[in-house]
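Residues per chain, in single letters:
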Amino acid sequence: MLSVISYPVFALSVVLSLVLSISLFPIGWFEFRPEWLGLMVFYWTFRAPAQFGILLAWCLGLSLDVLEATPLGVNGLAMALIAFLVLTIHQRLRMYPMPQQCLMVFLLLGINQMLVHFIKQMLGGEDAGFSYLWPALTSALVWPVVCVLLDNLNRKLG
Amino acid sequence: MAGVAAIKTIFVQGPVPGLRLLLVIVLSAVLIVADARFDKLTSVRSVIGTGLAPVHWFGNAPYELQNWIEGLFTTRDDLLAENEDLNARLLILERRALKYAALASENNELRRLMNSSEVLDDRVIVGEIVGVSPDPFSHEVIINKGSRDGVTVGQAILDAHGLMGQVQQTSSFTSRVLLVSDSSHAVPVEVVRNGLRAILLGNGDINALELVHVPDTADIREGDLLVSSGLGGRFPKGYPVAEVENITKESGEPFVNIEATPKARLNQSRLVLVVFPPDGEEDEDGNEHGQDEPAVNVGIETDPDEVR
């Protein structure tokens, strides 16, 4: 647990992750795009479990729903699930070395993506095979960078 | 068990996360059902979307910045050359427009003689693509014109080369456009050469569309231009949509497989046109006007000679 967290950094990181999730992107790389908002929810509930929890994650997920034009609540539910799972394991997560943390990011974001696609398919979306798991993998790969960057910002500004 | 309880008393949020998760699950389920099945939340979505407009602006900022910096470093000579170029193009297009105006009035004259209604020209506004959908499985873009500019759901979006898609959702400052290549999108089209009607489906591939239910014996060739037929009342008639790329016949199948490439540059265009139906023919409440007349028109318009 960080001793101090900086709320401006929180706000900025969330807005930036929303911007990144809708910014223009080369079309072939589209499905490999990290799930930025999921990463942010993971980071902030992990670092400050007392301040950021399920309800906030749900609200952030709702805004992603609006940006993505998915039925309202799908991403909300999935983000809340990430926050819940992080809350239940965050004491152990802190002890893990970085590679193992990356694995947990992959697992949790994979569960998030799975839930989103499960609900979408129930509502009549197309079946995309397992390719929906790519964002979870790329998120796990960028996790060390994101984590170190936000930690440093928090220490400086918090 | 005792150990778990002890830990829970040390850390502040003990049984609450489970309870909150339950609350959130119930709330989400209600929202999803209300939104997906009963379509009750469009206004909520529009409000949140308006609140998120800054996100779209930020997302577009790098491009604006690049534009601005490019503007700073463009030389006078370049600008003059570009200006000359544009003037030349304008002249060519103006000449074509003059000719078009004469043809349009002549066409209307002929239509009047045939007792059918006149064709009004469509009104357009220019918008700019400011974002794309984060979901890689849906082909959607976000444009910077919203309900404040009069954009409504269902309007057609064009680029300089052809039909791009239709407005699916609006908020105050932005709207969401479903591209023709999305797998849930279909456009009624006709072949320019002979007026053959068919439905053009998107299949999730940005460079390929699918023309379905065309019988084995139909007169269609590779290279045929497909234009929107205006049937179904959603898209205006006569805008180019795609070109037939490849026809494969499989013996035993009643229909041929036809692949077409979209005319619009779906993943390159930045400026788009939002088409408004001509005044007096708003299709939002179409039952105001006599619905019989357009139906008669449709019959006449599919006559091969008049399609051109």
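Note that the coordinates shown come from a computational prediction; the quantities given were computed from them, not determined experimentally. Sequence order as written defines the numbering, with residues in each chain counted from 1. Written order determines the labels here, with chains lettered from A and ligands numbered from 1. Local features are withheld for residues below a pLDDT of 70 in this predicted model, meaning they are given only at 70 or higher, and side-chain atom pairs are given and counted only at 80 or more; totals for whole chains, interfaces and linings count all residues.

Colleague: I tried to follow the overall build of chain A on my own but got confused; where do I start?
Modeller: Comment: elements are numbered from the N terminus, with helices defined as DSSP H or I runs of at least four residues and strands as E runs of at least two. Assigned secondary structure in chain A consists of six helices and zero strands. The order of α-helices and β-strands along chain A, N terminus first, is α-α-α-α-α-α. For the exposure call, what matters is how many other C-beta atoms sit within 10 Å of a residue's own: 20 or more marks it buried, 12 or fewer exposed, and in between partly exposed, using C-beta atoms placed from the backbone. Classification of the 158 residues of chain A by burial places 46% in the buried group. Distance between backbone-placed C-beta atoms decides contact: two residues are in contact if it is within 7 Å. Of the contacts formed within chain A by residues at least 6 apart in sequence, a portion of 69% connects residues at least 24 apart.

Colleague: Please clarify how the interface of chain B and chain A should be interpreted in this entry.
Modeller: Interfaces are often described in size by the accessible area the parts lose on coming together. The interface is formed by 35 residues belonging to chain B together with 38 residues belonging to chain A. Looking at the side of chain B that touches chain A element by element, the count peaks at ten residues for helix H2 (residues 16–36) of chain B. Each residue receives one of three labels: charged for Asp, Glu, Lys and Arg, nonpolar for Ala, Val, Leu, Ile, Met, Phe, Trp, Tyr, Cys and Pro, and polar for the others, Gly being one of them. Taken together, the residues of the side of chain B that touches chain A sort by class into 19 nonpolar, ten polar and six charged.

Colleague: Got a minute to help me understand the nonpolar core in this structure?
Modeller: Taken as a class, soluble globular proteins show a tendency for nonpolar side chains to be buried jointly. Counting residues in hydrophobic clusters, the biggest one holds 91 residues, and the most contacted among them are A:Ala80 and A:Ile82. Here the element with the most residues in this core is helix H4 (residues 74–93) of chain A; it accounts for twelve residues. Discounting residues that sit within four places of it in the chain, A:Ala80 has contacts with A:Ile54, A:Ala57, A:Trp58, A:Gly61, B:Leu21 and B:Val24. When buried Ala, Val, Leu, Ile, Met, Phe, Trp, Tyr and Cys residues are joined through C-beta atoms within 7 Å, the set is termed a nonpolar core.

Colleague: Hey, could you run me through the packing of helix H3 (residues 54–68) of chain A against helix H3 (residues 42–51) of chain B in this one?
Modeller: Two measures define how a pair of helices packs: the angle their axes make with one another and the distance between the axes. Every axis corresponds to a line fitted to the C-alpha atoms, with the helix fit spanning only the stretch in contact, and the corresponding angles, defined between N-to-C directions, vary from 0 to 180 degrees. Two elements in contact, H3(A) and H3(B), have axes whose closest approach is 9 Å; the angle formed by their N-to-C orientations is 95 degrees. Judged by the inter-axis angle, H3(A) sits roughly perpendicular to H3(B). Contacts between H3(A) and H3(B) involve A:Leu62, A:Ser63 and A:Val66 on the former and, on the latter, B:Arg45, B:Ile48 and B:Gly49. By residue class, the composition of the contact of H3(A) with H3(B) is three nonpolar, two polar and one charged. Here the angle decides the label: under 35 degrees means roughly parallel, over 145 means roughly antiparallel, 65 to 115 means roughly perpendicular, and every other value means oblique.

Colleague: Sorry if this is basic, but what is going on with helix H6 (residues 134–157) of chain A here?
Modeller: Given 3.6 residues per turn, any residue in an α-helix points the same way as the ones three and four places further on. Residues and elements named next belong to chain A. The span expected for a helix works out to 1.5 Å for each residue beyond the first. The first and last C-alpha atoms of H6 sit 33 Å apart over 24 residues, in line with the 34 Å expected at 1.5 Å per residue. The quantity called bend is, for any residue, the angle between two axes fitted respectively to the seven residues ending at it and the seven beginning at it. Considering bend angle alone, the principal kink of H6 is centred on Val142 and spans about 45 degrees; proline Pro144 follows within four residues of it. Where H6 is concerned, the buried positions are Pro135, Ala136, Ser139, Ala140, Trp143, Leu150 and Asn154. Contacts made by the buried residues of H6 are with helix H1 (7–22), helix H2 (36–47) and helix H5 (98–122).

Colleague: Is there a simple way to explain the pairing of strand S10 (residues 240–248) of chain B in this structure?
Modeller: In summary, the side chains of a regular strand alternate between the two faces of the sheet. All names here are of chain B. Strands are labelled as partners when DSSP assigns at least two bridges between them. Both strand S9 (residues 225–228) and S10 contribute to a ladder of three bridges, which runs antiparallel. Within S10, the position partnered with Val227 by the bridge is Pro240. Bridge count for S10 against strand S11 (residues 257–262) is six bridges, and the pairing is antiparallel. Considered in S11, the bridge of Thr248 is made with Asn257.

Colleague: How should I be thinking about the sheet that holds S10(B) in this particular structure?
Modeller: Paired through their backbone hydrogen bonds, the strands of a sheet run either parallel or antiparallel. All names here are of chain B. Reading around the barrel, the six strands line up as S6-S7-S8-S11-S10-S9 and close back on themselves, with antiparallel pairing between neighbours. On average, adjacent strands in this sheet sit at an angle of 40 degrees to one another, irrespective of strand direction. Looking at chain direction, strand S7 (residues 197–202) and strand S8 (residues 209–212) are connected through four bridges and run antiparallel. Within S8, the position partnered with Leu200 by the bridge is Leu211.

Colleague: Honestly, the confidence of the model for chain B in this entry has me stumped. Any pointers?
Modeller: Note that predicted coordinates carrying low pLDDT should not be read in detail. Considering every residue of chain B, the mean pLDDT works out to 81; 84% of them sit at 70 or more. Under the prediction, the complex receives an ipTM of 0.85, its pTM being 0.68. Scored from 0 to 100, pLDDT reflects the predictor's confidence in each residue.

Colleague: Got a minute to help me understand the environment of B:Leu31 in this structure?
Modeller: The residue B:Leu31 is located in helix H2 in this model. C-alpha separation for the pair B:Leu31 and B:Leu41, spaced ten residues apart in sequence, amounts to 8.1 Å. Sequence-distant contacts of B:Leu31, that is, excluding residues within four places in its chain, are made with A:Leu72, A:Gly73 and B:Leu41.

Colleague: Would you explain the sheet that holds strand S4 (residues 163–170) of chain B in this entry?
Modeller: Residues and elements named next belong to chain B. Here we have six strands rolled up into a closed barrel, ordered S1-S2-S5-S4-S3-S12, and antiparallel in their pairing. Taking each pair of neighbouring strands and ignoring which way they run, the sheet shows an average axis angle of 45 degrees. Here strand S2 (residues 140–143) pairs with strand S5 (residues 175–179) via four bridges, running antiparallel. Looking across to S5, one finds that Val141 is bridged to Val177. Helix H4 (residues 53–72) rests against strand S1 (123–132) and S2 of the sheet, and its axis sits at about 80 degrees to S1.

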